[in-house]
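Coordinate analysis (summary)
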Amino acid sequence: MGFVRNFPAISILICMFAAIISSGLPRKAARLLNTLVILAVFGLSLTTFIGCLQLGEPVVYVMGIFPAPWGNEIRFGVLESGMALFFSIIMLLSIWGGRHKMKDEVARDKEFLYYVFINLLFSSLLALVYTNDLFTAYVFVEINTISACGLIVIRENGRTIEAGVRYMIMSLLGSGLLLLGIMMTYDITGHLLMSNIKEAVGGIVSSGESLVPLVVTIALLTTGLCIKSALFPFHSWLPDAYGYSTVSSAAILSSLVSKGYIFLLIKIFYRVIGFDTVKSSRLLNVLFVFGLIAMISGSVSAIRENDIRRMIAFSSIAQIGYIYMGFGMGTRAGMVASIFHILSHAATKSMLFISAIGLTDVSHGSRHFIDLTGSAHRNKIAGIGFLTGSLSMVGIPLFSGFISKLQFMDAAVSLTYAKMLPALIVLGISTILNAIYFMKTVLRIYMPIEKLGANRAQADVVTNTVATPQRMGINGVVIEKERITLREEKLYGFVIHLFVILNIALGVCSNTILDWIRAGIDMFS
Amino acid sequence: MGNVSNIWYVIMILLPVLGGLYVLLFPFKKREHMCICVEAITILTSALSLFLIAARPERIDIVTFVSKFSISVGFDGMGCIFAALVSFLWPFATLYAFDYMKHEAGENTAKESTFFGFYVVTFGVTLGIAGASNLLTMYIFYEMLTLVTVPLILFTLSREATLATRTYLYYSLGGAAFGFVTLVFISNFGNTLDFVLGGILHFNESSGTVEAAVATISGDVASLPAGLMRLVYLFGFFGFGVKAAIFPLSSWLPKAGVAPTPVTALLHAVAVVKAGAFAILRITYYSFGTEILKDSFAQYVPMAFAIFTIVYGCSQAVRERHIKRRLAYSTVSNLSYILFGCLIMSPLGMAGALCHMLFHGVMKICSFFCAGAVIAGTGREYVYEVDGLGRRMPKTFAAFTVSSFSLMGVPLLCGFISKWQLAQAAVDSENLMAYIGIGALLVSALLTAIYMLQIVIRAFFPEKGFNYSAIERYHDPGWKMILPFGVFVVCMIGFGIFGDKVVTILSAVANGRL
């Protein structure tokens, strides 16, 4: 392993320093720095990942000079480094994919701030993935919240400010609960390092004393992170936050930020409390039920939605439901399925957001379904991206979504009947619902518009005049066809291609990836 | 002929798929060139498939994910039957489509390229379903079939077509999702997904559980209460039953009648819907095995639905005035004949089901083609508009009459043979519900006579004083349309007379001798 041990710490630090430096840099330099940093993190994570695979056991890295009970630690295995690698890929693609929209969405003199936020967010995500210290995790959760909020409001219009405030309120509520949970953990165990807490929790469980505070602690930690990752009853902030922020922000928020919290929750389950203890607390059953409700209600809301971005956002709620349902199964297979779904959903959802923006660009900036008719013919590459994403979401074989579905069903089969049948039936129904809204959209965007030939000019007029703020979403300002340079167009096409390849790779090479995930879970304990 | 390389299976599927994509992506300038190219691909594929049916090389594993999950293709007895059916019909349907699409697409060659491209791709995917030698492969091709047929239904781009396509997509994808549940259970408790006649599950009667017939290498056998496994079968039956248009899930089929006739005729009377019936036959006889399902609710509930659908489809057909939709309802009813045969759960029942699958394919495609010829030639789509056309389009309506008689089950025509087989299987099963099914077959024959003969009679014997000069300008279509009629009529009569030969082959398949 040698020098590679330092890489996770280095990748967190370079992101933080890049954020600080960016605040003093001009727009273009900040952008360049941001790209370089993400590429660097990609390289570092890849090396770490390969190193971990070869080593076959987790690595503990002491930050600073103090040893275990007092100092701060980083601990990483296959899953952590793999997740960091994956996050860096998605981050890079999301930013590149939204680059051509940046000049419409963010004021020119504020653009450097955007990169400050991105760097901060990325460093906090990496820290959440790598850290072995519960309190450090809390600190980075807060950094994450604030930078994510920045990414939402930087668009500076009424909708996003409202969405940002909502996000802030819900998120801080979550952080508050998380902090309470951490406090109670500290209270009953006397530690903040995850490995030490786990030992102490083991003692508590075997002694049978103060079990009630332990359950309350688990509940607080879980609820806090559920709110932050928008599990069903706490999802009200999500559609606006994803729907109206800049396209890169939407892609990053949906595929990385919420996944970062979920990953932290997985770590808490395995490394802080111990999965068996969590299972015996029956809390997982609650997650299971809410996961199932989310799968249905998210999809139903998505069907009723008429705005493509908000539809994709609602679909996220359903997909997060899948992940929590996997947790709720309380088996290793369920957890593997959930982790695979984290990857699959992150890859697919960011692709959908990025493709959707390509479709709306060629439809006078309108996100309303009626105006999107035929847009896939006007922007072919975005159409292909959206089609791939939709097929993956519906679970067509060869795409990543199929493997998720297969894994979830496979996991469900070995459960008790009380969980098996609801899980299977809801998975089936949810597939139908997914098919309804994604296929409806795909048909809509592939419907040739030439048939309307005569009405075309008229339709243009209608689009421009009827564009109420509500319908346009953004201050009622109709965005005229933007100037997009050839280079940016090429970058956009390239990004969509990469996304499609990534998605199919996840679907076809799923076996290797699943093996890595299993190895990673084993390294947790 | 064991020395034929099994790589030909892959070529058989890839040839039409890639050929179709070629037509799609590089549209021809001249229509004639496109037609020649499409027909050449179709005939080549058919020839290849028929050759492979004769040679029957070993199956080929194309991709292996895990030992259980692999994509493998190879013909077994039942696969051969389905492959033979589609390989026989596809070239004729394509030939017919050349003339028909001229009427539908106008002079728009680009639009026609899209149509023919997907039409050819669908051929490959259907052969994939026929050739699939395990459940996963079949499922993958089954989903692909749903997707590649979407542009064909959507072809006219009218609002009606859009709605029909949506319904079709929701139903099919949703159904496949429930079929997928079955796949997962079988892979978990059967230890393999391969198709083996007699099933890969073993029913342990003393404990009332189901376990894999073949244990894994490690020797551990997971078992499951039989009741749950039967419930899973119901998921699979109704999941795949969507494509086979079983009663509460049948409404997509009549709606899909808005598609051009070559699509309704070939896909919605043969390829797509039969793929649904084929999938049900596969899971019943080759995955679950009849041992577990027989004499339980897993047999009775679906059979009740199938019997109801037989009558329901016919009575809806009698009510319907639109010719193509009427034929679509007739398909709904006839598909349930196949399912009924399948649910008798005996080799005889399976042979009857396969028999009806073959013969109904020929009969229904013929009647659809006739209806299409009328629409293309005269633009008349409703039953009350065909008055007197029999005199102006004698060949078309002669073919239609033969197929009507055959559908009704008049002896000496092939429809009689398959109905006879089904009834015989039902009697032989000594199952009370199957006896009720025989009654449904009789009622259905009567209703079929009503809805088919109504068209025939109106065409040949219009009301007194009918003004023939009003339809003076209509005449029979060109040879590209007439040739398929002729071939199908000869087949119907031929199968009707030499039906016992076919039945011998089919019962050999059902008993695992072929």
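Residues numbered from 1 in each chain as written. Chains lettered and ligands numbered in written order. Predicted model: local features only at pLDDT ≥ 70, side-chain atom pairs only at ≥ 80, totals over all residues. Heavy atoms only, no water.

Here we come to the overall build of chain A. Within chain A, the regular secondary structure consists of 23 helices and 2 strands. Here the C-alpha radius of gyration of chain A, 22 Å, is about what a compact globule of 525 residues would show, namely 24 Å. Seen along its three principal axes, the alpha-carbon backbone of chain A occupies a region of about 80 × 55 × 40 Å. Counting all 525 residues of chain A, 62% fall into the buried class. When contacts within chain A are restricted to residue pairs at least 6 apart in sequence, those whose partners lie at least 24 apart make up 81%. Side chains of chain A carry 40 positive and 29 negative charges; the gap between the two charge centres is 6 Å. (Helix = DSSP H or I, 4+ residues; strand = E, 2+ residues; numbered from the N terminus. Rg over C-alpha atoms; globule rule 2.2 N^0.38 Å. Buried < 20%, exposed > 50% of the residue type's maximum accessible area, 1.4 Å probe, protein only. Contact = heavy atoms within 4.5 Å. Lys, Arg positive; Asp, Glu negative; His and termini not counted. Charge placed at Lys NZ, Arg CZ, Asp CG, Glu CD.)

Right, let's talk about the sheet that holds strand β5 (residues 223-225) of chain B for a bit. Residues and elements named next belong to chain B. Pairing is antiparallel across the open sheet formed by 3 strands, whose spatial order is β3-β4-β5. With partners counted over all chains shown, the strands left at the sheet margins are β3 (201-204) and β5, one partner each. On average, adjacent strands in this sheet sit at an angle of 30 degrees to one another, irrespective of strand direction. Sheet analysis places β3 next to strand β4 (residues 209-212), joined by 4 bridges and oriented antiparallel. By the bridge assignment for β4, leucine 201 is matched with alanine 212. Contacts between helix α7 (residues 226-241) and the sheet are confined to β3, β4 and β5, with β5 contributing the most and set at about 85 degrees to the helix. (Pairing = 2+ DSSP bridges. Axes fitted to C-alpha atoms, helices over the stretch in contact; angles between N-to-C directions.)

Taken together, the 31 residues of chain A in the interface contact 32 residues of chain B. Buried surface at the junction of chain A and chain B, both sides included, amounts to about 2800 Å², of which 82% is carbon and sulfur. Applying the counting rule to chain A against chain B returns 0 salt bridges. Run the count over chain A and chain B and you get 2 residue pairs in polar contact (both at pLDDT 80 or more). Looking at the side of chain A that touches chain B, the elements with two or more residues in it are α17 (380-394), α18 (400-413) and α19 (417-446) of chain A. (Buried area = accessible area lost by both parts, 1.4 Å probe. Salt bridge = Lys/Arg side-chain N within 4 Å of Asp/Glu carboxyl O. Polar contact = N/O pair within 3.5 Å; in protein donor to acceptor, adjacent residues only side chain to side chain.)

Per-residue confidence for chain A averages 85 on the pLDDT scale, and 93% of its residues sit at or above 70. In the predicted structure, residues 451-483 of chain A sits below a pLDDT of 50 and forms 40 contacts with residues beyond four places in sequence or in another chain. (pLDDT = per-residue confidence, 0-100.)

Before going further, it helps to examine the nonpolar core. Of all hydrophobic cores here, the largest spans 384 residues; its most connected members are Ile266, Phe269, Phe327 and Phe386 of chain A together with Phe185 and Tyr233 of chain B. Aside from chain neighbours lying at most four places away, what touches isoleucine 266 of chain A is Phe327, Met335, Ile339, Ile342 and Phe524 of chain A. (Core = buried A, V, L, I, M, F, W, Y, C linked by side-chain atoms within 4.5 Å.)

Throughout the structure, instances matching the rule amount to 54 aromatic pairs over all chains. Between the aromatic rings of phenylalanine 115 of chain B and tyrosine 119 of chain B, the centroid separation amounts to 5.3 Å while the plane-to-plane angle is 20 degrees, which identifies the pairing as stacked. Note that phenylalanine 115 of chain B and tyrosine 119 of chain B are positioned in helix α4 (residues 109-131) at a spacing of 4 residues, about one turn of the helix. Here phenylalanine 115 of chain B matches tyrosine 119 of chain B in class, with each residue buried. Taking 6.1 Å as the distance between ring centres and 20 degrees as the angle between the ring planes, the aromatic pair formed by phenylalanine 185 of chain B and phenylalanine 189 of chain B counts as stacked. Within this pair, phenylalanine 185 of chain B and its partner phenylalanine 189 of chain B are both found in helix α6 (residues 159-189), separated by 4 residues, close to a single helical turn. Judged by relative accessible area, which is 0%, phenylalanine 185 of chain B ranks as buried. An aromatic cluster is defined as three or more aromatic residues linked by ring pairs; in this entry it consists of Phe263, Phe269, Tyr270, Phe275, Tyr324, Phe327 and Phe524 of chain A. Sitting over the ring of phenylalanine 203 of chain B, arginine 230 of chain B keeps its end group 5.3 Å from the ring centre. (Phe/Tyr/Trp six-rings, centres within 6.5 Å; stacked < 30°, edge-to-face > 60°. Lys NZ or Arg CZ within 6 Å of the ring centre and 35° of its normal.)

Residue and element names in this part refer to chain A. For the structure on display, the rule yields 17 salt bridges over all chains. One salt bridge connects arginine 332 with aspartate 522, and the closest N-O pair in it is separated by 3.3 Å. Taken as a pair, arginine 332 in helix α15 (residues 332-361) and aspartate 522 in helix α23 (residues 510-524) lie far apart in primary sequence, 190 residues in all. For arginine 332, a relative accessible area of 39% corresponds to the partly exposed category.

As a further point, take helix α5 (residues 135-153) of chain B. For α5 of chain B, spanning 19 residues, the distance from its first C-alpha to its last is 27 Å, which sits close to the expected 27 Å at 1.5 Å a residue. Taking burial as the measure, the 19 residues of α5 of chain B include 16 buried ones, the bulk of the element. (Expected span 1.5 Å × (residues − 1).)

Residues and elements named next belong to chain B. Together, Leu14, Leu18, Leu21, Tyr22, Leu25 and Phe26 make up an exposed nonpolar region whose accessible area comes to about 610 Å². With respect to the secondary-structure elements, leucine 14 resides in helix α1 (residues 7-25). For leucine 14, a relative accessible area of 38% corresponds to the partly exposed category. (Patch = residues over 30% accessible without salt bridge, like charges linked within 9 Å, V, L, I, M, F, W, Y side chains within 5 Å. Areas by Shrake-Rupley, 256 points an atom, 1.4 Å probe, with all protein chains shown as cover.)

Take α23 of chain A next. Here α23 of chain A spans 21 Å end to end across 15 residues, near enough to the 21 Å set by a 1.5 Å rise per residue. Within α23 of chain A, burial applies to Ser510, Ile513, Leu514, Ile517, Gly520, Ile521, Met523 and Phe524 of chain A.

With that settled, consider the environment of threonine 309 of chain B. Residues and elements named next belong to chain B. Relative to the helices and strands, threonine 309 resides in helix α11 (residues 297-319). Looking at threonine 309, the relative accessible area reads 0%, which means it is buried. Considering only alpha carbons, one finds threonine 309 and glutamine 299, 10 residues apart in sequence, at a separation of 15 Å. Among the polar contacts made by the side chain of threonine 309, one reaches the main-chain amide nitrogen of phenylalanine 247 at a distance of 3.1 Å.

It is worth spelling out unusual backbone geometry at this point. Residue and element names in this part refer to chain B. One non-glycine residue with positive phi stands out, namely arginine 56, at about 50 degrees. Tracing the chain through its elements places arginine 56 in the loop between α2 (31-55) and β1 (60-64). In this structure, methionine 345 is a non-glycine residue whose phi angle is positive, near 60 degrees. Following the sequence through the fold, methionine 345 ends up in the loop between α12 (323-344) and α13 (347-378). With a relative accessible area of 2%, methionine 345 lands in the buried category.

What follows covers the packing of α11 of chain B against helix α17 (residues 432-460) of chain B. Angle between the axes and distance between the axes are the two parameters that describe a pair of packed helices. All names here are of chain B. Between α11 and α17, the least distance of the axes is 8 Å, while the angle of their chain directions is 15 degrees. It follows from the interaxial angle that α11 and α17 lie roughly parallel. At the point where α11 passes α17, the crossing takes the left-handed sense. Along the contact surface, α11 presents Tyr300, Met303, Ala304, Ile307, Ile310, Val311, Cys314, Ser315, Ala317 and Val318, while α17 presents Met433, Ala434, Ile436, Gly437, Ala440, Leu441, Ser444, Leu447, Thr448, Ile450 and Tyr451. Looking at the contact of α11 with α17, its residues break down into 17 nonpolar, 4 polar and no charged. (Parallel < 35°, antiparallel > 145°, perpendicular 65-115°, else oblique. Left-handed = near helix turned anticlockwise from the far one by under 90°. Nonpolar A, V, L, I, M, F, W, Y, C, P; charged D, E, K, R; others polar.)

All names here are of chain A. Mapping glutamate 80 onto the fold places it in helix α3 (residues 78-98). With 444 residues separating them in the primary sequence, glutamate 80 and phenylalanine 524 have C-alpha atoms 9.4 Å apart. Apart from residues no more than four positions distant in its own chain, glutamate 80 is found in contact with Arg75, Val129, Tyr130, Phe263, Arg271 and Phe524. Among the polar contacts listed, one links the side chain of glutamate 80 to the backbone nitrogen of glycine 77, at a separation of 2.9 Å. Within the local environment of glutamate 80, its side chain forms a polar contact with the side chain of arginine 271, the two groups lying 2.8 Å apart.

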